[in-house]
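# Residue-level structural notes
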Protein chains: 2
Amino acid sequence: MIRHERILLGHGSGGRLTRELIEGLFLPALDNPLLSTLTDSAVFDSIPAGRPALTTDAFVVDPPVFAGGDLGYLSVCGTVNDLAMAGARPVGLTWALILEEGLDTQLLERFVRGAARAAEEAGVPLVAGDTKVVPRGKGDRAFAVTSGLGVVPPGRDLSDRNIRPGDMVVVSGPLGDHGATILAHRHGLEAEGLRSDCAPLGRLVEAALASGAAVRALHDPTRGGLATTVHETATRAGVRVVLEERALPVRPEVRATCELLGLEPLYLACEGRLVAWVAREDALRLVQALREEPLGRGAACVGTVEALENGRAPLVLSTRVGGQRPLDQLSGLDLPRIC
Amino acid sequence: MIRHERILLGHGSGGRLTRELIEGLFLPALDNPLLSTLTDSAVFDSIPAGRPALTTDAFVVDPPVFAGGDLGYLSVCGTVNDLAMAGARPVGLTWALILEEGLDTQLLERFVRGAARAAEEAGVPLVAGDTKVVPRGKGDRAFAVTSGLGVVPPGRDLSDRNIRPGDMVVVSGPLGDHGATILAHRHGLEAEGLRSDCAPLGRLVEAALASGAAVRALHDPTRGGLATTVHETATRAGVRVVLEERALPVRPEVRATCELLGLEPLYLACEGRLVAWVAREDALRLVQALREEPLGRGAACVGTVEALENGRAPLVLSTRVGGQRPLDQLSGLDLPRIC
């Protein structure tokens with residue numbers, strides 16, 4: 001419980017009000033032994049063997065509460081998923097908040113509960129944090145930055161360098177749900193059934209790797225969606241990818257929203273999906289393993305990897321009518337603040 | 001080099017403009033093997049033996065450029081110092097930026113150069129990052145969140161639990177320079193000689209510990225200054241501290257600024273000082289070791305630790321005229337946005 005209904009500048013200044021925020025809100029919701037030391041750094045006695053992985057993500061989503069999640073829940077999922085895509089198991093997270101003076105304290109409580117829920121689902125403690133408050137009009141309710149430490153277990157090697165012509169591209173479920181949900185909210189469209197796919201993917205990754213399939217690399221198609229993620233990966237790996245339009249899973253609600261708003265679902269962010277690059281002979285096994293998990297029910301094989309020939313686009317869509325259309329990276333002017 | 005003179009929303013959207021920002025600005029300034037993989041997480045082959053430490057800090061300083069530093073430089077120093085106070089040597093940092101649409105690109109370049117300079121001084125790579133852009137009027141030029149992974153070498157144990165009545169409190173230099181500089185800028189006072197003390201403290205900590213002095217705990221007196229930091233530490237350790245007013249080092253420029261603005265230097269942030277809690281018999285040795293370092297020239301022994309008696313204030317100032325005055329925590333309403 002916090003005494004004030006609205007966040008004051010003093011809540012971010014390190015004095016008594018900051019203390020009230022920590023003791024009245026953060027500690028009760030996020031309690032764990034490392035966080036409760038409230039020292040400058042969280043110090044682990046030990047972490048599992050393997051290669052440590054470190055990542056960070058800033059979250060400025062507007063609106064900060066949406067069907068299927070909120071800023072807090074999203075900000076933990078996003079960072080946990082960045083670790084998972086490297087094959088890392090999460091060890092500890094940090095959470096920094098930049099709040100706008102006047103923020104409704106109940107909204108802040110909602111973000112904290114969301115972050116706590118995501119951390120619990122992902123099985124990782126939030127071990128350190130920081131809160132700053134900026135004057136009214138110098139922020140936008142709340143921004144969150146979540147960083148994560150994980151460990152890649154010995155023997156695991158996920159890397160774009162492993163990708164070879166002949167490999168297949170698999171997605172774990174329907175595309176664009178998060179981006180479509182956010183944009184629908186923003187345009188005042190309340191489409192029935194539209195809901196962010198936001199979820200922590202650690203368990204899904206473990207299932208994928210436990211299947212024995214030769215998974216080369218994993219990525220989460222967040223900002224810029226599947227097309228941007230696959231374009232970047234193909235470019236780094238020096239290969240070409242052909243996506244099969246008819247194989248790409250897109251929910252009818254997402255497709256309808258895209259048609260209304262003039263958007264392309266392949267460029268819409270997912271926050272609870274993965275893209276797996278896998279040896280051709282193991283693609284089916286991987287899809288089956290993913291489908292056995294609640295978050296992977298809609299898994300599908302969506303593309304093939306080819307050798308990159310000079311002057312050809314690294315990513316093309318093989319359309320329903322039999323043509324091929326290059327998918328370029330967007331400039332980025334079109335899709336701000338979906339995460 | 002970036003093509004645009006001002007930051008656009010698209011620079012934060014994950015598309016082509018984001019790529020230009022990364023390739024045109026971040027990579028050239030911050031280049032290191034882990035960052036340049038540009039993958040979801042930075043994965044270390046290995047890290048030194050010891051206990052891993054994780055920390056995060058958000059920086060919203062206004063103005064973002066000041067005598068002695070800038071947002072970028074400060075944001076790396078602050079996090080490196082949080083690790084150092086745990087006795088941890090930095091292994092890798094992450095850096096997340098939340099930029100306001102319309103930000104002068106040259107200002108962003110300045111922050112990036114500042115962060116790169118601090119990282120180089122601290123001897124730690126910036127291994128992962130993220131940039132988001134919010135619409136004009138929804139941010140304030142730039143906010144930065146820096147997280148850090150470090151390792152506490154085996155055998156090192158800095159903890160408030162180690163503090164005992166009879167211990168001494170040592171500071172590494174004059175107090176309040178950062179806070180006074182920021183507040184002077186904000187009030188349009190251009191005091192000659194006023195300059196932030198902002199600096200990475202890893203080397204100073206190593207020198208302190210190498211002296212052989214029985215250092216119990218270290219803290220950096222940032223938000224809320226020396227009084228707040230010592231108050232918090234004393235409370236956690238269950239002891240009482242008497243600070244000697246005549247021993248507290250404060251530069252004349254800082255004192256003059258405080259008198260003009262009605263502030264108390266003991267509550268002003270430092271960003272390049274440490275507070276060491278040390279066994280009484282080792283206090284002098286520690287002060288001498290600190291004074292041999294460029295960042296510790298002004299080190300001084302400023303207080304003594306006593307047993308906490310029921311109902312007495314955990315922190316008091318023994319004044320020049322011989323009285324004792326309790327120093328309480330401030331509410332925090334008075335000193336926003338100095339870091």
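## Points about the interface of chain B and chain A
Tallying the contact residues gives 76 residues for chain B and 76 residues for chain A. Roughly 6,000 Å² of surface becomes buried between chain B and chain A when both sides are summed, with 58% attributable to carbon and sulfur atoms. If you sort the residues of chain B by the area they bury against chain A, D40, L54 and R223 of chain B come out on top, with a joint share of 13%. Applying the counting criterion to the chain B and chain A interface returns six salt bridges.

## Some remarks on the pairing of strand β10 (residues 239-244) of chain B
Residues and elements named next belong to chain B. Among the six residues of β10, five are classified as buried, and the element is accordingly described as predominantly covered. Sheet analysis places β10 next to strand β13 (residues 315-318), joined by four bridges and oriented parallel. Each residue of the ladder has a partner; that of V241, found in β13, is L315.

## Some points on helix α4 (residues 177-186) of chain A
Residue and element names in this part refer to chain A. Among the 10 residues in α4, eight count as buried, and that is most of the element. Burial in α4 covers these residues: D177, H178, G179, A180, T181, I182, L183 and A184. Buried-residue contacts for α4 involve β3 (65-66), α2 (71-85) and α7 (252-261). Looking one or two residues past α4, G188 carries a phi angle of roughly 75°, positive in sign.

## Details of the packing of aromatic side chains
The final tally for this structure, using the stated rule, is one aromatic pair over all chains. Between the aromatic rings of F143 of chain A and F143 of chain B, the centroid separation amounts to 6.4 Å while the plane-to-plane angle is 40°, which identifies the pairing as tilted. Taken together, the residues span two chains, with F143 of chain A in strand β7 (residues 142-152) and F143 of chain B in strand β7 (residues 142-152). Across the pair, exposure class does not vary: F143 of chain A and F143 of chain B are buried alike. Between the NZ or CZ atom of K132 of chain A and the centre of the ring of F59 of chain B, over which it lies, the distance is 5.4 Å.

## Let's talk about the environment of D82 of chain B
Here D82 of chain B lies in helix α2 (residues 71-85). Considered as a pair, D82 of chain B and D62 of chain B are 20 residues apart in the sequence and their alpha carbons are 21 Å apart. Those residues in contact with D82 of chain B that lie beyond four places of it in its chain are D40 and S41 of chain A together with T55, T56, D57 and D220 of chain B.

## Comments concerning the side chain of D140 of chain A
Assignment of secondary structure puts D140 of chain A in the loop between β6 (126-134) and β7. Only 3.3 Å separates the side chain of D140 of chain A from the side chain of R141 of chain A, close enough to count as a polar contact. Beyond its immediate chain neighbours, meaning those up to four positions away, D140 of chain A contacts E100 and R337 of chain A together with K138 of chain B.

## Section: the packing of α2 of chain B against helix α3 (residues 105-122) of chain B
Residue and element names in this part refer to chain B. The interhelical angle for the contact between α2 and α3, taken along N-to-C directions, is 30°, at an axis separation of 6 Å. For the crossing formed where α2 meets α3, the hand is right-handed. The segment α2 lies against α3, with L71, G72, Y73, V76, C77 and V80 engaging F111, G114, A115, R117, A118, A119, E121 and A122. Partitioned by chemical class, the residues of the contact of α2 with α3 number 10 nonpolar, two polar and two charged.

## Some thoughts on the domain arrangement of chain A
All names here are of chain A. Looking at chain A, the domain boundaries give domain 1 (9-152) and domain 2 (160-326). A separation of 28 Å is found between the C-alpha centroids of domain 1 and domain 2. Contacts between the two partners involve 19 residues from domain 1, matched on the other side by 20 residues from domain 2. Contact with domain 2 buries area across many residues of domain 1, yet A67, N81 and M85 alone supply 33% of it, more than any other trio. Summed over the shared surface of domain 1 and domain 2, the number is seven residue pairs in polar contact (both at pLDDT 80 or more). Among the elements of the structure, α2 and α3 (105-122) are those that each provide at least two residues to the side of domain 1 that touches domain 2. Of all the elements, α2 adds the most residues to the side of domain 1 that touches domain 2, at nine residues.

## Here's the deal with the relation of the copies chain B and chain A
For the pair chain B and chain A, the best superposition has an RMSD of 0.0 Å and corresponds to a rotation of 180° with a translation of 0.0 Å parallel to the axis. Overall, the copies show the geometry of a two-fold rotation axis. No C-alpha of chain B lies nearer the rotation axis than that of G139 of chain B, which sits 2.1 Å from it.

Each value, and the rule that gives it
Residues numbered from 1 in each chain as written. Chains lettered and ligands numbered in written order. Predicted model: local features only at pLDDT ≥ 70, side-chain atom pairs only at ≥ 80, totals over all residues. Heavy atoms only, no water. Contact = heavy atoms within 4.5 Å. Buried area = accessible area lost by both parts, 1.4 Å probe. Salt bridge = Lys/Arg side-chain N within 4 Å of Asp/Glu carboxyl O. Buried < 20%, exposed > 50% of the residue type's maximum accessible area, 1.4 Å probe, protein only. Helix = DSSP H or I, 4+ residues; strand = E, 2+ residues; numbered from the N terminus. Pairing = 2+ DSSP bridges. Phe/Tyr/Trp six-rings, centres within 6.5 Å; stacked < 30°, edge-to-face > 60°. Lys NZ or Arg CZ within 6 Å of the ring centre and 35° of its normal. Polar contact = N/O pair within 3.5 Å; in protein donor to acceptor, adjacent residues only side chain to side chain. Axes fitted to C-alpha atoms, helices over the stretch in contact; angles between N-to-C directions. Left-handed = near helix turned anticlockwise from the far one by under 90°. Nonpolar A, V, L, I, M, F, W, Y, C, P; charged D, E, K, R; others polar. Domains from an automatic or database assignment. Least-squares fit on C-alpha atoms with pLDDT ≥ 70 in both.

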